[in-house]
Amino acid sequence: MTTIPVDDGQIAYRRLGSGRPLLVLNGLAATSADWDPSFIGRLASANELVLLDNRGIGASTEDGAAFDIPKLANDTAQVIEALGFEGANVLGWSMGGFIAQTLALAHPNRIHKLILLSTDPGGADAELASPAARTQLTDMSGPPHEQARRLLFLLFPKNVAESIYREFGDVVAAARSRLSPELVHRQSMAMDTWHRNGAGGGLRKLRAPTLVATGTEDIVIPPSNALALVNAIPRAWLAQFSGGGHAFTAQYPRQLADLINGFLAL
């Protein structure tokens, strides 16, 4: 991991692969280490990946103050500038998709293409998860293995979650044990603000070619949000992965990475 100074903190990132620059932005309570390795490896075969830890999480630092999605987008813009990229493609999953949309609207000349995974447009156009799912997403009560099991059954359909827990439960539990509940709460507050305001109707002004992809069984960010994004963003592509949950990147790593690589190669 390497760090770049930003306003009131340091953003940590790791680079791998070669080719077109592709910034990779993760979601709530997740770090650059939490991506499915086969998905990331296949992307790195055709792109130079820059995987970020959002401020305050993983190896990144910050001042402990409240932040919002525009603040996280500004951090990302400073990373692009510090790395000397004239422009970059940006992939955002879940909350990372909120950051990617905001970044593309604030810096239209620096963002070449957008990939939005398991995310929503915010504001009145977003369909929210059930109250139970939203509560479960930020629930950090109980021992780490209990948290891990609860999280995996939220991110994946039941028939998939059990096998993933058996294989990766220890890894997820270890990651949960390192999380700051206070930081997760501040990330959650930033997401709540996004869901009140969204992109402020700006998505129709997006110039960056955009690929939107979702799992059809996502209960964290319902798949109807993908259609809302495609309807709002000019000439956006839509891909739906049958039976995919919120973390469908780990269910379809090869197929999704190949789709993204093909989209970026156009």
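Before any of the text, the structure's been laid out above.
Please read these numbers as outputs of a predicted model, since none were measured by experiment.

> Looking at this model, I keep getting lost on helix α5 (residues 144-155). Mind explaining?
Every α-helical turn comprises 3.6 residues, leaving residues that sit three or four positions apart pointing alike. Look at α5: 16 Å from first C-alpha to last across twelve residues, which is about the 16 Å you get at 1.5 Å a residue. On the buried face of α5, the contacting elements are α4 (131-137) and α6 (158-177).

> I'm lost on the sheet that holds strand β7 (residues 210-215) in this one. Help?
In any sheet, the strands associate via hydrogen bonds between backbone groups, in a parallel or an antiparallel arrangement. Taken together, eight strands build an open sheet; the order of strands is β1-β2-β4-β3-β5-β6-β7-β8 and the sheet is mixed. With partners counted over all chains shown, the strands left at the sheet margins are β1 (2-6) and β8 (237-241), one partner each. On average, each strand axis in the sheet is tilted by 25° relative to the strand beside it, whichever way the strands run. Taken together, the four bridges between strand β6 (residues 111-117) and β7 define a ladder with parallel strand orientation. Bridging from a neighbouring strand, Leu 114 pairs with Thr 210 of β7. Here helix α2 (residues 69-82) sits on the sheet and contacts β1, β2 (9-17), β3 (20-25), β4 (47-52) and β6; the angle it forms with β1, its principal contact strand, is near 115°.

> Explanation requested: the packing of aromatic side chains in the structure shown.
For any pair of aromatic rings, the description consists of the separation of the ring centres together with the inter-plane angle of the planes. What the rule picks out here adds up to six aromatic pairs. Ring centres of Trp 35 and Phe 39 lie 6.1 Å apart, and the angle between their planes is 35°; on these two criteria the pair is classed as tilted. In this pair, the class of Trp 35 matches that of Phe 39, namely buried. Grouped by ring-pair contacts, the aromatic residues Trp 35, Phe 39 and Trp 93 constitute a single cluster. Over the ring of Phe 263 we find Lys 113; its NZ or CZ atom is 5.0 Å from the centre of that ring. The lysine or arginine in question, Arg 149, covers the ring of Tyr 165, its NZ or CZ lying 5.1 Å from the ring centre.

> I keep staring at the environment of Ile 221 and nothing clicks. Help me out?
Inspection of the secondary structure assignment puts Ile 221 in the loop between β7 and α8 (224-232). Separated by 103 residues in the primary sequence, Ile 221 and Ser 118 place their C-alpha atoms 6.3 Å from one another. Apart from residues no more than four positions distant in its own chain, Ile 221 is found in contact with Ser 94, Phe 98, Ser 118, Thr 119, Asp 120 and His 246.

> Sorry if this is basic, but what is going on with the pattern of salt bridges here?
Any two side chains of opposite charge can pair, on the condition that their charged atoms come close. A complete count under the given rule lists nine salt bridges for this structure. Across the salt bridge formed by Arg 42 and Asp 258, the nearest N and O atoms sit 2.6 Å from each other. Taken together, the positions of Arg 42 in helix α1 (residues 37-44) and Asp 258 in helix α9 (residues 253-265) put the pair 216 residues apart, joining distant regions of the chain. Judged by its relative accessible area of 35%, Asp 258 falls in the partly exposed class.

> Would you take a moment to explain the pairing of β1 for this structure?
Along any regular strand the residues' side chains alternate between the sheet's two faces. Relative to β2, β1 runs antiparallel, the two being bridged by five bridges. Bridging across to β2, Ile 4 finds its partner in Ile 11.

> Is there a simple way to explain the side chain of Asn 89 in this structure?
By the secondary structure assignment, Asn 89 is in strand β5 (residues 88-93). Setting aside residues up to four positions removed in sequence, Asn 89 forms contacts with Arg 20, Pro 21, Leu 22, Leu 23, His 112, Lys 113 and Leu 264.

> Honestly, the nonpolar core in this entry has me stumped. Any pointers?
Considering soluble globular proteins, one finds that nonpolar side chains tend to be buried as a cluster. Within the largest apolar cluster, 54 residues are counted, with the highest numbers of intra-cluster contacts made by Leu 23, Leu 52, Ile 69, Val 90 and Leu 114. Residues within four places of Val 90 in sequence aside, it is in contact with Leu 22, Leu 23, Leu 25, Ala 100, Leu 103, Ile 111, Lys 113, Leu 114 and Ile 115. Of all hydrophobic cores here, the second largest spans 35 residues; its members include Ala 161, Val 172, Ala 173 and Phe 263.

Conventions used here
Residues numbered from 1 in each chain as written. Predicted model: local features only at pLDDT ≥ 70, side-chain atom pairs only at ≥ 80, totals over all residues. Heavy atoms only, no water. Helix = DSSP H or I, 4+ residues; strand = E, 2+ residues; numbered from the N terminus. Expected span 1.5 Å × (residues − 1). Contact = heavy atoms within 4.5 Å. Pairing = 2+ DSSP bridges. Axes fitted to C-alpha atoms, helices over the stretch in contact; angles between N-to-C directions. Phe/Tyr/Trp six-rings, centres within 6.5 Å; stacked < 30°, edge-to-face > 60°. Buried < 20%, exposed > 50% of the residue type's maximum accessible area, 1.4 Å probe, protein only. Lys NZ or Arg CZ within 6 Å of the ring centre and 35° of its normal. Salt bridge = Lys/Arg side-chain N within 4 Å of Asp/Glu carboxyl O. Core = buried A, V, L, I, M, F, W, Y, C linked by side-chain atoms within 4.5 Å.

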